[in-house]
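Residues per chain are reported as follows:
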Amino acid sequence: MPTLSPAALNPDLIDTGTPPIPEAQGWARSYDGRHGPLIDLSQAVPGSAPPEALLRKLAEAAAEPGSARYGGITGDAALREAYAAEIAGIYGAPFTPAEIAITSGCNQAYVVTMMALARAGDNVLLPTPWYFNHEMTLTMLGVEARPLPCTPESGFVPDVATAEALIDERTRAIVLVTPNNPTGAVYPPQTIAAFAALCARRGLWLVLDETYRDFLPEGLARSHEVFSASDWQDSVIGLYSFSKAYAVPGWRLGAITAGEQVLAQIGKVLDCVQISPVRAGQAAVTWGIDGIRDWRERNRAEINTRAGLFRETLAPLNGWRVLSAGAYFAYVAHPFAGAKAAEIVRRLAQERGVLALPGPYFGPGQENHLRIAIANVAADRIGLLGERLRGFSF
């Protein structure tokens, strides 16, 4: 009998990189503990458990028979209403529940948004260094992730003129992440306003991923004024994650803020990929928006304190430079010119028990950098970093 060839897989999926964090975590498994417990700075995971009251609300909601039934495609009405009221207070602008969709995490919010905005052969501008899942999503959809370079000298803040020069007839959107993953940079409101104006003028979508919005520095209550514009629904889409501020990444809850016509199209995608978000988690978070507000503010203050402590810890170390730090992340230049960042990270994990992520995970031109996730490590563990990095040679 003739030998049958295996059926082909989607070549765009084959061309998509493998999720990188498991590779880095594999390096840490060979650490022998000689310097003490592993300091895991690889992933943006909340460092503390959610409040007990929020967990009780989840248990109560899970016990309700209605939680086992399908809910609304764009989320339960109660959470959409509560979230619309929440962001109205944040941005100083009115929102309706019809402008809100609840998703299974912000990653899903991004995927379904990109499916609504672009098709194979189009391109989307991503400031580099970029969040790797953003690039992976575009690649598997056959959409070009077009790099918009951001430099340490600019504080990793993207430039509007540079972005406009990259736009062509196949450009569909510009994605901004602020506070940024991986750099921690907080984009100035005027920068976001300039990108919103550019997108409106060129007929593009500005997609604002504000997963880390709740961790702005003290005194900066509002990240931008874009949603105050009367016509924002025609060119702006906001993305959000409940995972970080509520310390519930395992509940997989995110949100999209967009015009009703846009959400009607996104709803088609959601119906195919999720049908409805997990309902018990929605009920708990609906209560938690007001119910754990004080806890969320204390958590924000604690995480911003850790960013300052991280800067202080690395300051005396010769050659290690903190290029940017804030919210959940810091972006660091290592002192080993010409070395591969992945090899540095591997050896740091295996020899010193410090796990970071290499810069090239976050796009082209990042070989000299490491990304540090500081929010999931207590202050005393951050203080140990100086001892672990001091004397490390390559």
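In the block above lies the structure referred to throughout.
Residues numbered from 1 in each chain as written. Predicted model: local features only at pLDDT ≥ 70, side-chain atom pairs only at ≥ 80, totals over all residues. Heavy atoms only, no water.

A. Region of the structure containing the sheet that holds strand β8 (residues 254–257). Read across the open sheet, the seven strands follow the order β2-β8-β7-β6-β5-β3-β4; overall the sheet is mixed. A single partner strand is all that each edge strand has here, and the edge strands are β2 (100–103) and β4 (144–149). Going from strand to strand, the sheet's axes swing by 25° on average, the running direction of each strand aside. Here strand β6 (residues 205–209) runs beside strand β7 (residues 236–241); their pairing, made up of four bridges, is parallel. (Pairing = 2+ DSSP bridges. Helix = DSSP H or I, 4+ residues; strand = E, 2+ residues; numbered from the N terminus. Axes fitted to C-alpha atoms, helices over the stretch in contact; angles between N-to-C directions.)

B. View of the nonpolar core. The biggest cluster of nonpolar side chains holds 99 residues, and the ones touching the most others in it are Ile174, Phe195, Phe242, Tyr246, Phe310 and Trp320. For this core, the leading source of residues is helix α4 (residues 77–91), giving six residues. Residue contacts for Phe195: discarding those within four places in its chain leaves Leu148, Pro158, Asp159, Val160, Ala163, Ile174, Leu176 and Leu206. Within the second largest apolar cluster, 28 residues are counted, among which are Val112, Val124, Ile237 and Val269. (Core = buried A, V, L, I, M, F, W, Y, C linked by side-chain atoms within 4.5 Å. Buried < 20%, exposed > 50% of the residue type's maximum accessible area, 1.4 Å probe, protein only. Contact = heavy atoms within 4.5 Å.)

C. How the structure looks around the packing of aromatic side chains. On inspection of all chains with the given rule, the structure shows 19 aromatic pairs. Ring plane angle 45° and centroid distance 5.2 Å describe the contact between Tyr212 and Tyr328, whose orientation is recorded as tilted. Here Tyr328 lies in the loop between β9 (321–326) and β10 (329–333) and Tyr212 lies in the loop between β6 and β7, a separation of 116 residues in the sequence. In terms of burial, Tyr212 and Tyr328 fall into one category: buried. Centre to centre, the rings of Tyr240 and Phe242 are 5.1 Å apart; their planes meet at 85°, and the pair counts as edge-to-face. Summarising the burial analysis for this pair, Tyr240 and Phe242 share the class buried. (Phe/Tyr/Trp six-rings, centres within 6.5 Å; stacked < 30°, edge-to-face > 60°.)

D. Spatial organisation of the pattern of salt bridges. Taken as a whole, this structure holds 19 salt bridges when the rule is applied. Across the pair Asp168 and Arg146 runs a salt bridge, and its minimum N-O distance is 2.8 Å. Of this pair, Asp168 sits in the loop between α7 (160–166) and β5 (171–177) while Arg146 is found in strand β4, placing the two residues 22 residues apart along the sequence. Linking Arg296 and Asp214 is a salt bridge whose minimum nitrogen-to-oxygen distance equals 3.8 Å. Of this pair, Arg296 sits in helix α11 (residues 293–314) while Asp214 sits in the loop between β6 and β7; the two residues are 82 residues apart in sequence, bridging distant segments of the chain. Judged by its relative accessible area of 9%, Arg296 is buried. Look at Asp214 and you get buried, because its relative accessible area is 17%. Through salt bridges with shared partners, a single network forms among Glu86, Asp214, Asp290, Arg293 and Arg296. (Salt bridge = Lys/Arg side-chain N within 4 Å of Asp/Glu carboxyl O.)

E. Looking closely at the pairing of β2. Burial along β2 is two-sided: Ile100 and Ile102 and Ala101 and Thr103, pointing in opposite directions, are all buried. Sheet topology note: the β2/β8 ladder contains four bridges and is antiparallel. Bridge pairing in β8 links Ile100 to Thr257.

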